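Structural overview
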Amino acid sequence: MEESVYVGNAGKDAALDRGWLLGHFKEHGDPRHSDALEVKWGVHPRGEGRAQWVKGEVRTALLVLITGRFRMEFPGRSVLLEEQGDYVVWGRGVDHSWVAEDESVVLTVRWPSVPGYAVAHDDERTGSES
């Protein structure tokens, strides 16, 4: 059973893989490998934002604010998360972007976990922090 259990620290482990804790991009055989979903512990300095909008999204996502002030942008709508536990959910086909208005920590869960969201000159592995 030991090989099916992974114990870690989100802050430390996230720093090793651009925030990603779980998803298709982890090695097969690692308990953190999943094609079903992705989990990210995002630590963002004030002013950091997406290099470009995510367009043609095929996943559903949940983003939860842990600390800070974090703004999600959607076509025709801006959502400010400012209290611990504030969250936003968006579905397939919803274009989006984001900016950390203050130093922020956010937890993002997306499903399914699919490759192909890398953005040039962007630290986000899969393209949507969310």
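An unreviewed UniProt entry annotates the chain as Signal peptidase I originating from Streptomyces ortus.

**Re unusual backbone geometry**
What you tend to see is this: most non-glycine residues have negative phi, and most peptide bonds are trans. Omega for the bond connecting tryptophan 111 with proline 112 falls within 30 degrees of zero, at -10°, which places this linkage in the cis form. Within the element layout of this structure, proline 112 appears in the segment after β8 (104–111). Of note, the phi angle at arginine 18 is positive, near 50°, even though the residue is not glycine. Tracing the backbone through its elements, the reader meets arginine 18 in the loop between α1 (10–16) and β1 (20–22). Overall, the relative accessible area of 46% leaves arginine 18 in the partly exposed class.

**Considering the sheet that holds strand β3 (residues 60–67)**
The strands that make up a sheet pair up through hydrogen bonds in the backbone, lying either parallel or antiparallel. Spatially, 5 strands are ordered β1-β2-β8-β3-β6 in an open sheet, and the strand pairing comes out antiparallel. Among the strands making up the open sheet, the edge pair consists of β1 and β6 (87–90). Within the sheet, the average angular offset between the axes of one strand and its neighbour, ignoring direction, is 20°.

What counts and what doesn't
- Residues numbered from 1 in each chain as written.
- Predicted model: local features only at pLDDT ≥ 70, side-chain atom pairs only at ≥ 80, totals over all residues.
- Heavy atoms only, no water.
- Helix = DSSP H or I, 4+ residues; strand = E, 2+ residues; numbered from the N terminus.
- Buried < 20%, exposed > 50% of the residue type's maximum accessible area, 1.4 Å probe, protein only.
- Pairing = 2+ DSSP bridges.
- Axes fitted to C-alpha atoms, helices over the stretch in contact; angles between N-to-C directions.

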